[in-house]
Every structure is written in structure tokens, then in C-alpha cells.
There are 2 protein chains.
Amino acid sequence: MTQQPAKKLYIHDVCVRDGFQMESVFVPTDAKVDLINRLSLTGLAKIEVTSFSSPKAIPALADAESVLVNLNRVPTVEYTALIPNARGCERALKCELDEHNVVMSASETHNRANLRMTRDQSLAQFAEIVRLTNGTVAVNASLSTAFGCPFDGQICDDDLLANIDRIAEIGIKRLTLCDTTGMANPAQVRRICELVLTRFPELTVTAHFHNTRGMGLANCIAALEGGITRFDASLAGLGGCPFAPGASGNACTEDMVHMFNAMGYDTGIDVANLIPLANEIPSLVGHDVPGQVMKAGSYDRIYPMPDWLGGKEQTRLAGSGNALIDPECRVTEVAK
Amino acid sequence: MTQQPAKKLYIHDVCVRDGFQMESVFVPTDAKVDLINRLSLTGLAKIEVTSFSSPKAIPALADAESVLVNLNRVPTVEYTALIPNARGCERALKCELDEHNVVMSASETHNRANLRMTRDQSLAQFAEIVRLTNGTVAVNASLSTAFGCPFDGQICDDDLLANIDRIAEIGIKRLTLCDTTGMANPAQVRRICELVLTRFPELTVTAHFHNTRGMGLANCIAALEGGITRFDASLAGLGGCPFAPGASGNACTEDMVHMFNAMGYDTGIDVANLIPLANEIPSLVGHDVPGQVMKAGSYDRIYPMPDWLGGKEQTRLAGSGNALIDPECRVTEVAK
């Protein structure tokens, strides 16, 4: 009996854009570049490195061009940036991104509040961006509030699908379903992911969750069961939502990678390489962060026995890691 | 086409025992009693109210008898307490509990470190407790480190099942599978729950997860998919693990109830009644707590639009709650 290879998952880090954009401190350009360069070596499939928003609107990301010009790019990583409008696209085209990530909301009210445009106006911008990029750069559409809107409530399926229809008609081939304010639950996520993938088999779909109500990783698994293999996440769980002060931010990259790896999936990432990077985030942003694995270590971390139980003689317990688990007893979970 | 009734889930709160036992402050007996009394009115199926440990070992719970004598018990709630040994059982028998929750570890090292007994000695205590209770009180066995041990690593299936065999042979009919230090992952949880429920159909099985590595709620869903309908959780996510300083504690009661309700399951609990109780925990213990829904509110919380978008005229957005979601658009998730 041959074992099936582990299913390949693609992890995208959005910390430098979605995380840093909320911060009141300006993370120095050098620090951003250094972080992205080191993230590039971990096995991430994509990194969202900045936003080409107005520097007045998002001063934390006012250094978009400087960040991009200074990167040491790795060929296996796609570098993307948020492109809020055609003006941002024109700036970004000079920076040779692999992808332009355009954004609109599934709900009219959130689109107007967040982007100060109607959805029709956003779609017109999308069309203009597709024209400007002219096939030289991939375009991904991030659909905010796809699982619910803090103003309008639940998005009904017909509305959601109509939004995606219009995005696809423009010629955009990549879509991210975003749970912008952490309203999604796993039953809903699985159903909606199945629905969207069935209706739009030609689209490459990513899921983007927030852990605002504690369901971030549960929603990732539900999305995976619904057919998704690409996930946005943020190092150290940075990010967040102006509607939920004190609550968690984006789904946490290293917690997600840790979980998927433990379940037997192939993320291509060793979580041990992410943890030191996550542990640098609090000093960059000046506050504690929601990531858990950066505090607790990997599930297979082994502790020495208490001294009174003979801990000092337990040489097999020195250090940590997989090798210390009794090989005869080891249970390998095989991903579906 | 008639809709199937929502699947019934049974939520047990362990905050006053598993949460408070870790705290350096002594929560006054009156505050414990008041909290338990109010928790009793929320729809919880079971509340673990204290531990009959040595007051020297766990001073935070030295008031076990006083707590129990002062409760206003609600007939629909089972009141349980941790019983570490036969001596504790003798004390507890005077307090008329609905259940004695005995405890041992699936791994020998953790049993010795935590209980200062071998597993054989623990099982002998269990037999003595079954003899002492003599059928007058239900006995539940909590099996710690069932999904992995911080000293011994992974527990192999044969070891796990052998532990449960011996517990069942003593005549214990209730079992809790505990992920004591948050090592479990959803693939493992689903597999092990299915395995245990198949091998021991006569046992009433509860799952007890910690959110140490962010997988608490994902593991609950995996357990549910594996056949579990009973879950331990801790108000405000209190609890924790000496091996993971700074990491999250037990799976959070109100976050779990919120998720299951949103998914269409019947927990019998309105999360709005748990949130005010959770919000009292930080002042009782003197520090912040990991609960998310207590900070973010329910997923169906609706915010007024920004004023410049006409927020003040949006009378339908006043207040919050389900009723504000457009009924024609509302999507109801139906639990499996």
C-alpha cells in the first residue's frame, strides 16, 4: 500500500500590508525590507508587501516604492501589493510586482465606507486596472466582507455570486474571499467555498480569515474541506479590525502553518523558521501580538521531566523536536 | 421538506476549577458562588465547581466545601468537581455532587509529575472511588494528555485504548479526553474520537481542549465530526498550561457556544448571557483573558454606518442582533 503524497497548500503572508497598515507606529522601511527578505526564504508562496494607497490615507505604508526597490526577490515567491484604484496601479506598474491585488467589498455599505466608492465605481476601477496592466501582471481581486458585513449583516448567496460574476467578466482570474471583520463560521465557510469553486472553476481562489471571534483556524479547515488550498495569513497574527478593539487580528501565519503541518499537509514551510520572525513583531509594533505557537512552541516540543522524577538522567529528553518522540509509537496523521 | 432539528450539544464550564486553580489570587468564595449561580442559569449542561485536592497543593480551591454548601443549584445542571484521590472522594461525598470527576494521565510521566502516582496507583484510586461512591454519584474519568504528553510526546493508539480499557473495566461509564497542554490537531482529534467512540460505545465521552496553539475551536469541530457532542470549556478562556507561558488557556466557553450557535447547532445557550459573566473575569483574576467574543461581540452585531454615509438616518441599524439582518437575505446554516 503506497501512501498518498501530502496535499500541497499555498500560504500567503500579509503581515507587512494588512498587519502594519493598522499600526500607529511607522515601521522603518529597512525593517520592512529585512522582514520580507527573510519571509521570502521560508517557503511562503506569496507575500503582500505593501499598499499603493494614498500616503495620507495609510501613512504606515507610505514607503511602497522604497520597499519594493530594495527587496531581494526569491523566484519561488510571488510579490503582491494592494492596489486600491487606477492611480495606485500606475504607481505599482513601475515596481514590477508579480500581482496587483485589487479590492472591493461584497456589501455596498462597506465598499463606500472603506473605499469611498460604490461597487460599480470599484468595478470600473478594476476594468481600468486590467487595461493598464495589459496582461503583464496577474490581477487578484480581494472581495471584502464576503462572509458578512458589519453594517449590512449577512451577504446573501445571490449577491455574493453576482459580485464574483462581475469580477470574472472583467477578466480577473484570481479571487480572494475575505472575512474582513471575522464574522464567518465554519459551516458557512465550507458551504460558500464549495459554492464559489463550483460556480467559478476557472478562478484561482484564496481564503482570507480573521480570528476576531476565535474561529480563524477552524474557518481555514472548513475552507480546505470546501476545496480551498490557498490561504492568506499574517505573521504573529498581526492585523485586526477597527470594529473589535482588543480582539485578535488576521489568522496567524505560523499558527496556521503549524496546524496544517501537524495534520499532514504540505505547506512547504518549517514553522521553526517562522517563529523567530514572529517573535520580532512585538518590538517592531510596540505591543503584544495574538500568535500562539510563537509563545507555546510546536506541538512536538518535549520538556524535560521534573528533576525529582529523574529529569536530569533523561538524556532522550534533552533539546526538543520530533526525533524525541518514540518512533515506534509515533502516529502520523494523513491528510485527506 | 421539513427541516431537521438542530443537533443538541452539551457544554460544560470548567472555569471555576480549571481556570481559577492556576491563578495566584484567591477568588473569594462569595464571588465563586455568585459566578456559578449565574452560570447555572445560562443553559450549561454541567459546571465543574471546584477540586477536592489538598488545600496545600491548590490553595486557590481550598474552599471546596464552602462553595458547594452555598450554591443555588439548578436541576438541569450537573455539578461536578475534580477528585484527585480517595481522600478527596470522602470529602466530596459529604457535598452531594452530581458527579465525581477523577483524573489520570494517558502517559506515565505526566501522571507521575501531575499526581505523584503511577497510572496503576491512579487506577487503584479510581476503583476505591467507585467503591466509595457505590453508585450514588456518577463517576467521570478525565484522561489527561490523551492527545500527547509534554514529557513523553505522542501517545500511541494502543496505549490510549489500554488506558481506557482499564478505566472501563473498573465500571466507570463517563470519560473525558483531555488535550491538557494543547498538543492536539484536528486530524488527530477526529481520528481518535472516532476510534474511542467505536471501541467504547457504552461510554459517554466528553472532549476537553486547550487553545495553547490556537487550535482549540478547530479541534472542537473535529471532535464533533468524530462523534463527540459534549465539550468542556472555560469562561473567558481562562486556564492554561505551565508549559506555555503567555499562550491561551482552555477552549473558551462563550467563543465555543458562539461558534456552534452560528453553525446552527443547539447548545441551549444564548451567548449574550455568557458575555457579561466573561467580562467580569479579568477583574476577578487581575489580568486580561483570551476570550474573543467578549471583546468583539457576536458575529451578527451590526454597526451604524459612518455619519458621512448617512449613519444617523439608518434606524434599522440601531441596537444590534439578528433582527437587523435583512430577513429576505438571511442565510441559515444547517448543522449536519
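Residues numbered from 1 in each chain as written. Chains lettered and ligands numbered in written order. Predicted model: local features only at pLDDT ≥ 70, side-chain atom pairs only at ≥ 80, totals over all residues. Heavy atoms only, no water.

A. Geometry of empty space enclosed by the protein. Under the defined criterion, the tally for this structure stands at 3 cavities of 30 Å³ or more. Empty space within the largest cavity amounts to approximately 90 Å³. Taken together, B:H12, B:V14, B:K46, B:E48, B:T80, B:E99, B:N101, B:N140, B:S142, B:T176, B:T206 and B:D232 make up the full set of residues lining the largest cavity. When contributions to the lining of the largest cavity are tallied by element, the ones reaching two or more residues are β2 (46-51), β4 (99-105) and β5 (138-144) of chain B. A per-class count over the lining of the largest cavity returns 1 nonpolar, 7 polar and 4 charged. Taken as a whole, the second largest cavity holds about 70 Å³ of empty space. Every residue lining the second largest cavity is listed: A:H12, A:V14, A:K46, A:E48, A:T80, A:E99, A:N101, A:N140, A:S142, A:T176 and A:D232. Looking at side-chain class alone, the lining of the second largest cavity contains 1 nonpolar, 6 polar and 4 charged residues. (1 Å grid on protein atoms, 1.4 Å probe; cavity = no way out; pocket = protein on both sides within 12 Å on 5 of 7 lines; lining within 4 Å. Points joined across faces, edges and corners; volume = space filled by probe spheres on them. Helix = DSSP H or I, 4+ residues; strand = E, 2+ residues; numbered from the N terminus. Nonpolar A, V, L, I, M, F, W, Y, C, P; charged D, E, K, R; others polar.)

B. Local environment of the sheet that holds strand β4 (residues 99-105) of chain A. Residue and element names in this part refer to chain A. The 8 strands are arranged β1-β2-β3-β4-β5-β6-β7-β8 in a closed barrel whose pairing can be described as parallel. Strand-to-strand twist of the sheet, defined as the mean angle between neighbouring strand axes without regard to direction, takes the value 25°. Alignment of strand β3 (residues 78-83) against β4, held across 4 bridges, turns out to be parallel. Its bridge partner being in β4, A81 is matched across the sheet by H100. Each of β4 and β5 (138-144) touches helix α5 (residues 108-115); the most contacted strand, β4, lies at about 120° to it. (Pairing = 2+ DSSP bridges. Axes fitted to C-alpha atoms, helices over the stretch in contact; angles between N-to-C directions. Contact = heavy atoms within 4.5 Å.)

C. How the structure looks around the interface of chain A and chain B. Contact residues are listed per partner, giving 60 residues for chain A and 60 residues for chain B. Roughly 5100 Å² of surface becomes buried between chain A and chain B when both sides are summed, with 61% attributable to carbon and sulfur atoms. If you sort the residues of chain A by the area they bury against chain B, A:Q154, A:R213 and A:Y303 come out on top, with a joint share of 13%. Between chain A and chain B we count 0 salt bridges in total. At the surface where chain A touches chain B, the tally comes to 12 residue pairs in polar contact (both at pLDDT 80 or more). Counting residues per element, the ones that place at least two in the side of chain A that touches chain B are α5, α8 (186-199), α9 (216-225), α10 (253-263) and α13 (293-296) of chain A. Considering every element that reaches the side of chain A that touches chain B, the biggest residue donor is α10(A), with 5 residues. (Buried area = accessible area lost by both parts, 1.4 Å probe. Salt bridge = Lys/Arg side-chain N within 4 Å of Asp/Glu carboxyl O. Polar contact = N/O pair within 3.5 Å; in protein donor to acceptor, adjacent residues only side chain to side chain.)

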